[in-house]
There are 2 protein chains.
Amino acid sequence: MMEANKQHLQDITETLAGITESCEAGIQRRSYSSKFREAVLYIKKEMEKIGLTVREDTVGNLFGMLPGSEVDLPEIMSGSHLDTVRCAGAFDGAAGVVCALEAARMIKESDQPMRHPYTVFGTVGEEGTRFGQVLLGSRFMTGSITNSDLDTVKDLESGESLRSVLSAYGLNGDIQSASLFNRKIKAFVELHGEQGPVLDQSGKEIGIVQSIAGIAWIKVTVIGQAGHSGTVPMGYRKDAGIAAYEMIIDMNTYVMEKYIHSATMTVGQLTLNPGSSNCIPGKAVFTVDFRSGNKEILQDLVETIYQEASVKEKDGYQISVCVLNRRDPVNMNQNIQSAIRESCEELGYSYQYLNSGAGHDSMIFAPFWPTAMIFLPNKDGISHNPKEYISWDEMKKGTEVLYHTLRHLDRLDDEPQN
Amino acid sequence: MMEANKQHLQDITETLAGITESCEAGIQRRSYSSKFREAVLYIKKEMEKIGLTVREDTVGNLFGMLPGSEVDLPEIMSGSHLDTVRCAGAFDGAAGVVCALEAARMIKESDQPMRHPYTVFGTVGEEGTRFGQVLLGSRFMTGSITNSDLDTVKDLESGESLRSVLSAYGLNGDIQSASLFNRKIKAFVELHGEQGPVLDQSGKEIGIVQSIAGIAWIKVTVIGQAGHSGTVPMGYRKDAGIAAYEMIIDMNTYVMEKYIHSATMTVGQLTLNPGSSNCIPGKAVFTVDFRSGNKEILQDLVETIYQEASVKEKDGYQISVCVLNRRDPVNMNQNIQSAIRESCEELGYSYQYLNSGAGHDSMIFAPFWPTAMIFLPNKDGISHNPKEYISWDEMKKGTEVLYHTLRHLDRLDDEPQN
């Protein structure tokens, strides 16, 4: 049986982590920076070592293909992103590229070539670090970034357009040729750290992602009556803060009682006006971040906040509820989920199904091609943090599950492609 | 029967309101500014018109005395402050000076001199506008400002010391001679706008203050566990925001159920960390402002917040409760309260007893001399605001109640003074 090589996984992950811009803590590779270029060159070199045919597209995504034994079959792809958040750990994005690369080595060294071409990829711009927009690389691949976006998307710090950043980086930014619709794709499999505590606490070795959560981002404004903290008796008050807390607690209780395993609610920002310790808040503004893998649940939560608002309006508050952003859940492909599960069973690795609360490139691919994700446990559930850690044992198991999954997919008949 | 002259009250109040520094809205007279000097000179002139003997103390408080018919009796004093908050209305402080002045005119014109000297006063530095410290004038009068305070108390904007501000204003700042312990005082009566909605909503014409509320200012810090809004399921969370809201709602319910008429609780500031819409708050910090006219209630509230904190600590949060400031309630003199009540009854003006949630110079005088306050209704309970308004009718009634109260006090035997 082919085994993943833990030392390879560690060496490549650590070398990649060493390719970092200076930052307060941890690592940082902004898209199209010189360190991003260095990381791409390093992974190219590792791809070439294994014998992959390397190409970089016109917008900075990297691909390394191992040809299949049969002609004209669609590609099976695996990878993740090569850019990072600020003060990142060594695994977010990198783990998916490194394990996909190690799986390529295993295929190559198995002396049993796959029927389908196998392509390892590393995307650019998945994190919003440089441009404030996420999932750029995968959106280029699916043709959803337009030519005018190249001019309107700007570097958050310098204000430079994406077009001129691409040009300075040495890419022509041609949108048509970056689209994967020019190619035949059989499946995407993305391996990633869970970024949450579920696997770490359950002790399961592998997470099989059922869906990437939909989100609703909502801003709620509560208008009451400001006043002096000393001179307005309790019975005369319309304290916007208290009204806001009551709404939040009611909603939180509702989510805890009804959807504890199937949705999340987060109030990450809350501001009071006037905001002095001796002033009754006349206004409270807060954000609500709802997430669920189930579209109906998300809809119910959004409706419930409107109901909460109308209850408070009867008490004399003015409430405005503004849905800032909304995205439906994206289901992962059932056949690939089954292939992952069977691979775990063959290998004797424990697994559990879960949803991804965070967004991933896979979310962009899934509407167009069969797509699924393998999650590995992040120690203490910590991610987007220098302390982020996936053990080399877990990386090895993840790579082996990925390898078996690729073999499963390779055996499946191909859907006719247009 | 002597009546107060509405036109005098309006003219003097409006002239005083016209003596203002430039500000965004409403009026502003910072202590020791050239406009403060102009206001003092104007009130001096009005005092002299009535025949009062004017003196300014060494720290900027203004006094105008009408001698009594008997020798060596202690003074009965009435007045309020001449400085203002930023963007103030025309009545806060000014009303108490203007009505006391009109009462002096009524005494003078009654052809029935008082036995005791009657002194109208206007204090400096009651508001914290310039120095960030309140009640300066009255604290000078009671000897509680020390020589070293003159150097450590600084202008919030320029950083100049109080000593050098006094000197630039033309005063020597001699602390001993500013103390009223050099004089014999029978009573203080301060007339003031309520600064809250109680009289405005009850429709009562006169408020008789029973006590000036004690306060406890508390800062509460709740430490939970930060995390990504998408990746940490509800059951795994330690959301510091939710814990803070639960504490606040519990406390608010307790105050509403047990002390709705006898205490207030205000959470005027609340901040969440990290403070991003997609981050579970790992830390929440909020202020609590408790006020009550009853010392035991205040003590109970402070204890209750410690109990709330220990309940939440059992749920796995770390809570710190820090009492930033604490001041006991100050009771107003019972005999003067009775004199005010009898005056209302004689005049046929409706009245009610209430507490002052805000601080006043009277709070500083009360431990040393018999002191009480007359409140007038602020329209819609609005104060510290350009819209602040007390009708001229209400000012007239207030002045007449003050005049009758002074007459009552004048008839009372004098306590022996040291």
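What comes next is a walk through the structure. Quick caveat, the model's predicted, so the values are computed rather than measured.

About the thresholds
Numbers given for residues are sequential positions, taken from 1 along each chain in its written order. Written order determines the labels here, with chains lettered from A and ligands numbered from 1. Residue-level local features of this predicted model are given only where pLDDT is at least 70; pairs of side-chain atoms are given and counted only at 80 or more, and the full residue set underlies all totals for whole chains, interfaces and linings. Think of the side-chain values as coming from all heavy atoms in the structure, minus any hydrogens and water. Only the six-membered ring of Trp is used, alongside the rings of Phe and Tyr, when aromatic pairs are assigned; centres must lie within 6.5 Å, and planes under 30 degrees apart are stacked while those over 60 apart are edge-to-face, with the rest tilted. The buried label goes to any residue with under 20% of its type's maximum accessible area, the exposed label to any with over 50%, and the partly exposed label to all in between, with areas taken from a 1.4 Å probe on protein chains only. The rule is short: NZ of Lys or CZ of Arg within 6 Å of the ring centre and within 35 degrees of the ring normal puts a charge over the ring. For helices the rule is a DSSP run of H or I covering at least 4 residues; for strands it is a run of E covering at least 2, with both sets numbered from the N terminus onward. We call two residues in contact whenever any of their non-hydrogen atoms come within 4.5 Å of each other. Residues reaching a pLDDT of at least 70 in both copies supply the C-alpha atoms on which the copies are superposed by least squares. Every helix has an expected span of 1.5 Å times one less than the residues it contains. Two N or O atoms count as a polar contact when they lie within 3.5 Å, although within protein this holds only if one can serve as hydrogen donor and the other as acceptor, and sequence-adjacent residues are included solely when both atoms are side-chain atoms. As used here, buried area is the combined drop in accessible area, with a 1.4 Å probe, of two parts when they are placed together.

**Some words on the packing of aromatic side chains**
Here comes step 1: The full count for this structure, using the stated rule, is 35 aromatic pairs over all chains.
Here comes step 2: Centroid distance A:Phe365 to A:Trp369: 6.4 Å. Interplanar angle 55°. Geometry classified as tilted.
Here comes step 3: Classification of A:Phe365 as buried rests on a relative accessible area of 0%.
Here comes step 4: An aromatic cluster is defined as three or more aromatic residues linked by ring pairs; in this entry it consists of A:Phe121, A:Phe181, A:Phe188, A:Phe365, A:Phe368 and A:Trp369.
Here comes step 5: Here the guanidinium or amino end of A:Arg55 rests over the ring plane of A:Phe63, the centre of that ring lying 4.0 Å away.
Here comes step 6: Positioned above the aromatic ring of B:Tyr169, the side-chain terminus of B:Arg37 is 4.1 Å from the ring centre.

**Here's the deal with the environment of A:Tyr42**
All names here are of chain A.
Here comes step 1: Along the chain, Tyr42 falls in helix H2 (residues 34–50).
Here comes step 2: By relative accessible area, Tyr42 is classed as buried at 11%.
Here comes step 3: Spatially, the C-alpha atoms of Tyr42 and Thr15 are 8.7 Å apart, while their sequence positions differ by 27 residues.
Here comes step 4: Contacts of Tyr42, omitting those with residues within four sequence positions, involve Asp11, Ile12, Thr15, Leu16 and Ile19.

**Some points on the relation of the copies chain B and chain A**
What connects the two chain copies is a rotation about an axis and a shift along it.
Here comes step 1: Each copy superposes on the other: chain B lies on chain A with an RMSD of 0.0 Å after a rotation of 180° and an axial shift of 0.1 Å. Interpreted geometrically, this transformation is the action of a two-fold axis. Taking the C-alpha atom as reference, chain B places B:Tyr245 closest to the rotation axis, 2.7 Å from it.
Here comes step 2: Take the interface residues of chain B: 100% of them recur as interface residues in chain A, which is what a same-surface contact looks like.

**Considerations on helix H11 (residues 334–347) of chain A**
All names here are of chain A.
Here comes step 1: Taking 1.5 Å per residue as the helical rise, H11 with its 14 residues ought to reach 20 Å, and the 20 Å between its terminal C-alpha atoms agrees with that figure.
Here comes step 2: Measuring from the backbone nitrogen of Asn335 back to the side-chain oxygen at the start of H11 gives 2.9 Å, which picks out Asn333 as the cap.
Here comes step 3: Where H11 terminates, the next one or two residues include Gly348, which has phi positive at roughly 75°.

**Examining the interface of chain B and chain A**
How big an interface is tends to be stated in terms of the accessible area lost upon association of its parts.
Here comes step 1: Taken together, the contact between chain B and chain A spans 46 residues of the former and 46 residues of the latter.
Here comes step 2: Between chain B and chain A, roughly 4000 Å² of surface is buried when both sides are summed, and carbon and sulfur atoms account for 64% of that area.
Here comes step 3: Of all elements in the fold, only helix H8 (198–202), helix H9 (240–258), strand E9 (263–266), strand E10 (270–273), strand E11 (279–280) and strand E12 (283–292) of chain B reach the threshold of two or more residues within the side of chain B that touches chain A.
Here comes step 4: With eight residues, the single largest contributor to the side of chain B that touches chain A is H9(B).

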